[in-house]
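Residues per chain, in single letters:
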Amino acid sequence: MKLYTNPTGANCRRVAIYLAEKGISIEAVNLDLSSGELKTPEFRAINPAGLVPVLELDDGSHIPESTAIIEYLEELHPEPSLIGETPRIRAHVRVLERISSDVGVLTIAAMQHTHHYFASRLKQEPAVGAALQGLVDQHLATLEQYIGDAPFLAGDSLTVADIVLFPLFQTCRERMKTPYAQNYPRLSAWYGRFAARPAAQY
């Protein structure tokens, strides 16, 4: 197998962290997001969306989308389980994974209308950014309630829900230099714990 990826992309970071947590080694092909190569006909034949990550299987077929890649690899390497040992736990993890994915989409959309990084890339509408930020806060408040006093989003064990959410925090706080979710103390503490894990350094 081969993984088309980028070391800084938040969605790519999900897969990199997952692989590190599971101890799985896959050949990585790092692509430059700013070079335009993702939009070439050759790459769009691999992923019509023109995005990474993409997992290339041994038969030459391809799986795009970070969560789909993680789910596929989890089927191949079920131990240790990062999706949950029972149907009830797996359902709970799916809930948190979905909320984490949604808050990622909303956060990036909000930042596109508020952060100076995007000022030269599109016409920013502060009112749109403010409205989207309200939705971001709703999702973060939900996750803050879910995690409670547990070390991980779904309880005592790390799951794919944590892996989906962490790169968003990492991108916003470290790359974009914003005080993302700092008014959510439980999530901030969770972020600090996760950031100390060896897998977070990949």
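Residues numbered from 1 in each chain as written. Predicted model: local features only at pLDDT ≥ 70, side-chain atom pairs only at ≥ 80, totals over all residues. Heavy atoms only, no water.

1. A few points about helix H4 (residues 87–112)
Thinking step 1. Across its 26 residues, H4 extends 38 Å between first and last C-alpha, which sits within 8% of the 38 Å expected from 1.5 Å per residue.
Thinking step 2. Among the residues of H4, Val93, Leu96, Glu97, Ile99, Ser100, Ser101, Val103, Gly104, Leu106, Thr107, Ala110 and Met111 are the ones counted as buried.
Thinking step 3. Buried residues along H4 sit against helix H1 (10–22), helix H3 (66–76), helix H5 (126–147) and helix H6 (160–175). (Helix = DSSP H or I, 4+ residues; strand = E, 2+ residues; numbered from the N terminus. Expected span 1.5 Å × (residues − 1). Buried < 20%, exposed > 50% of the residue type's maximum accessible area, 1.4 Å probe, protein only. Contact = heavy atoms within 4.5 Å.)

2. Considerations on the pairing of strand E2 (residues 27–30)
Thinking step 1. Examined bridge by bridge, strand E1 (residues 2–5) and E2 share four bridges and lie parallel to one another. Note that in E2 the partner of Tyr4 across the bridge is Val29.
Thinking step 2. Chirality of the crossover, the property in question, places the unit of E1, H1 and E2 among those that are right-handed. (Pairing = 2+ DSSP bridges. Right-handed = clockwise from strand over helix to strand, strands pointing away.)

3. Brief notes about the packing of aromatic side chains
Remark: the centre distance and the inter-plane angle together describe each pair of aromatic rings, the angle taken between the planes.
Thinking step 1. One pass over the structure, following the stated rule, counts nine aromatic pairs.
Thinking step 2. Each member of the aromatic cluster is reached from another via a ring pair, and the members are Phe166, Phe169, Tyr180, Trp190, Tyr191 and Phe194. (Phe/Tyr/Trp six-rings, centres within 6.5 Å; stacked < 30°, edge-to-face > 60°.)

4. Comments concerning the pairing of E1
Thinking step 1. Across three bridges, the pairing between E1 and strand E3 (residues 54–56) is antiparallel. Following the sheet pairing, Tyr4 is matched in E3 by Val54.

5. Let's talk about the environment of Ile89
Thinking step 1. Of note, Ile89 is situated in helix H4.
Thinking step 2. Distance in space between the C-alpha atoms of Ile89 and Gly155 is 9.5 Å, their sequence separation being 66 residues.
Thinking step 3. Ignoring any residue separated from it by four or fewer positions in sequence, one finds Ile89 in contact with Ile83 and Gly84.

6. Some details on the environment of Val29
Thinking step 1. Position of Val29 relative to the elements: it lies in strand E2.
Thinking step 2. Considering only alpha carbons, one finds Val29 and Tyr4, 25 residues apart in sequence, at a separation of 4.8 Å.
Thinking step 3. When residues no more than four places from it in sequence are discounted, the contact partners of Val29 are Lys2, Leu3, Tyr4 and Thr5.

7. Quick notes on the sheet that holds strand E4 (residues 62–64)
Thinking step 1. If you trace the four strands from one edge of the open sheet to the other, you get E2-E1-E3-E4, paired in mixed fashion. Since the sheet does not close on itself, it has two edges, and those belong to E2 and E4, each with one partner. For this sheet the average axis-to-axis angle between neighbouring strands, irrespective of direction, equals 20 degrees.
Thinking step 2. In the packing of H3 onto the sheet, contacts are made with E1, E3 and E4, and the angle to E4 comes to roughly 125 degrees. (Axes fitted to C-alpha atoms, helices over the stretch in contact; angles between N-to-C directions.)

8. A closer look at the state of the cysteines
Thinking step 1. Tallied over the entire structure, the rule returns zero disulfides.
Thinking step 2. Not part of a disulfide, Cys172 finds its nearest cysteine sulfur in Cys12, a span of 16 Å.
Thinking step 3. On the accessibility criterion, Cys172 (0% relative accessible area) is buried. (Disulfide = S-S within 2.5 Å.)

Such coordinate-based values are descriptive only and should not be taken to indicate function.
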